[in-house]
Amino acid sequence: MREIAVFGGSSHPELTAEICAHLRVPQRPVLLKRFANDCLEVQLQSNCRERDVFIIQSLVRPVQENLVELLLMADAARGASAARVNAVIPHYAYARSDKKDAPRISIGGRLVADLLVTAGVDRVLTLNLHSPQVHGFFSVPVDHLHALRELAGHFRQRDLSNAVVVSPDLGYAKSAAAFARRLGLPVAAGAKERVSDSEVHITAIIGDVAGHDVIILDDEISRGTTVFELLDRLREQGARSIAVACTHGLFADNALDKLAASDVTEIVCTNTAPLEAEHPKLTVLSVAPALAEAIRRIHDGESVSSLFDH
Ligand code: R5P
């Protein structure tokens, strides 16, 4: 069996440390230098030769810096004769750029996938891509996990006798339905149209929410534009209470404070992105045990899907 070697980029050191603790392996040191001309240099400070190398880097703010760092680390591992280079990307930022919905734009999700493979990545482990077809952008194997088990485990501790799960859009309704199935709940979905990064319209909600305790489920909360629009529709339709859950709590533009100041009962996300702020209404669930178990299975050649199937 080849030795496992786990390195972490600088995007989310706490998550890397937690994953290594679950795996019971040391985190290998990395030296990052920035030259006067603003270029980066990464040195992996532990032997990679014939090792099964895992590089953990979440593509969170500053996304471009973290992406280049990941590319340099993958290239360094390949150049150091790693047996296999695995990129562990808890949050894959460019996934929302998955279609050409305006003239002369790039499909960033596809481009970044190509860059990773060009840099030497042999395999990707990620969580809750914005849409399932982003998986197909990669020409190398991808293990695509979700956090429904963690999120459902949290909500099982609540009184769900009157609850309904609501997806903000039809695109995420399938995942919301899988989440609702885990909890034995009905599901509803918004008819959403995104106008710009800061403007969305939800014109209708398909399903019954009046008098119910709603759990909104989305893949990510960025500016919160989607959630705030959905909150308006849910209040109009007489929802009794509203909790909010997502995998990627990015909370740009002070979204956490704004959301916490609203009438939502709680906000639940995972730690795929580092969180600077805390709030009594916020619960952060760890995906480190799931990622560590997936890494172990990938390393040992065991099935990953059997663990994380919907
Ligand atoms: C987009 O379609 C996603 O599913 C999320 O709803 C979106 O990324 C959330 O972004 P924001 O919080 O800025 O509306």
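Scroll up to find the structure.
Just so it is clear, the model here is predicted, and its values are computed rather than measured.

A. Up close: the site of the ligand. In the neighbourhood of the ligand, 14 residues make up the surrounding shell, with D218, D219, S222, G224 and T226 lying closest. Measuring from an oxygen atom of the ligand, one finds a side-chain N or O atom of K192 at 3.1 Å. T226 places a side-chain nitrogen or oxygen 2.6 Å from an oxygen atom of the ligand. Coverage of the ligand by the protein chains reaches 95% of its 370 Å² of free accessible surface. In this structure the site holding the ligand corresponds to the largest pocket. Of all the elements in the fold, those that place two or more residues in the shell around the ligand are β10 (187–196), β12 (213–221) and α6 (225–236). If one sorts the elements of the shell around the ligand by residue count, β12 sits on top with 4 residues. Of the residues contributing to the shell around the ligand, the split by class is 1 nonpolar, 5 polar and 8 charged.

B. Fine view of α6. The end-to-end C-alpha distance of α6, which contains 12 residues, comes to 17 Å, matching closely the 16 Å that a straight helix rising 1.5 Å per residue would cover. For α6, the full list of buried residues reads T225, T226, V227, E229, L230, L231, R233 and L234. On its buried face, α6 sits against β9 (163–167), β10, β11 (199–206), β12, β13 (241–249) and α7 (255–260). Among the residues trailing α6, G238 stands out with phi positive, at a value near 80°.

Thresholds, definitions, all that
- Residues numbered from 1 in each chain as written.
- Predicted model: local features only at pLDDT ≥ 70, side-chain atom pairs only at ≥ 80, totals over all residues.
- Heavy atoms only, no water.
- Near = heavy atom within 4 Å.
- Polar contact = N/O pair within 3.5 Å; in protein donor to acceptor, adjacent residues only side chain to side chain.
- Areas by Shrake-Rupley, 256 points an atom, 1.4 Å probe, with all protein chains shown as cover.
- 1 Å grid on protein atoms, 1.4 Å probe; cavity = no way out; pocket = protein on both sides within 12 Å on 5 of 7 lines; lining within 4 Å.
- Sits in = over half its atoms within 2 Å of the grid points.
- Helix = DSSP H or I, 4+ residues; strand = E, 2+ residues; numbered from the N terminus.
- Nonpolar A, V, L, I, M, F, W, Y, C, P; charged D, E, K, R; others polar.
- Expected span 1.5 Å × (residues − 1).
- Buried < 20%, exposed > 50% of the residue type's maximum accessible area, 1.4 Å probe, protein only.
- Contact = heavy atoms within 4.5 Å.

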